[in-house]
Amino acid sequence: YKDAIRYFNDAARIDPNFSDAYFNLGSIYYDQKNFNAAVQAFSRVIAITPMDYEARYRLGLSYDKLERYNEAMAMFQTIPTTDRIYGQASAK
């Protein structure tokens, strides 16, 4: 993970709008149980690509792990129920 974090941070510095770098960082941080860092990374993804429903879902999961349940629910509810993969999250 250490090398991947460095590479994705380098990629984000080169192109601050490279949402995939932030998404991958968020996923790594989530796996490492660094949920505050995951929240920051997934929030950046959403700032760059607001229609990224997977990032919204993962941000909601990160909030949930931090026991920030209202923010988790609010994030899940921003995902349209018509989204075939993540739409069920808004029903949580």
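Anything mentioned here points back to the structure above.
What counts and what doesn't
- Residues numbered from 1 in each chain as written.
- Predicted model: local features only at pLDDT ≥ 70, side-chain atom pairs only at ≥ 80, totals over all residues.
- Heavy atoms only, no water.
- Phe/Tyr/Trp six-rings, centres within 6.5 Å; stacked < 30°, edge-to-face > 60°.
- Helix = DSSP H or I, 4+ residues; strand = E, 2+ residues; numbered from the N terminus.
- Buried < 20%, exposed > 50% of the residue type's maximum accessible area, 1.4 Å probe, protein only.
- Core = buried A, V, L, I, M, F, W, Y, C linked by side-chain atoms within 4.5 Å.
- Contact = heavy atoms within 4.5 Å.

Draft legend 1. Here's a closer look at the packing of aromatic side chains. Under the definition given, this model contains 4 aromatic pairs. Relative to Phe-42, the ring of Phe-23 has its centre 5.6 Å away and its plane inclined at 70°; by these criteria the two rings are edge-to-face. Linking Phe-23 in helix α2 (residues 19-31) with Phe-42 in helix α3 (residues 35-48), this pair joins segments that are 19 residues apart in sequence. In this structure Phe-42 comes out as buried when scored by relative accessible area, which is 1%.

Draft legend 2. Looking closely at the nonpolar core. Grouped together as the largest cluster of nonpolar side chains are 26 residues, with contacts concentrated most on Tyr-29 and Leu-59. In this structure Leu-59 touches Val-39, Phe-42, Ser-43, Ile-46 and Met-75, once residues within four positions along its chain are discounted.

Draft legend 3. Region of the structure containing the environment of Asp-10. Looking at the element boundaries, Asp-10 is found in helix α1 (residues 2-14). Residue classification places Asp-10 among the partly exposed residues on the basis of a relative accessible area of 29%. As a C-alpha pair, Asp-10 and Ala-21 span 11 residues in sequence and 8.8 Å in three-dimensional space.

Draft legend 4. Seen up close, unusual backbone geometry. For Lys-33, which is not a glycine, the phi torsion comes out positive at approximately 65°. By secondary structure assignment, the location of Lys-33 is in the loop between α2 and α3. Of note in this structure, Glu-67 is not a glycine but carries a positive phi near 60°. Residue placement: Glu-67 occurs in the loop between α4 (53-65) and α5 (69-76).

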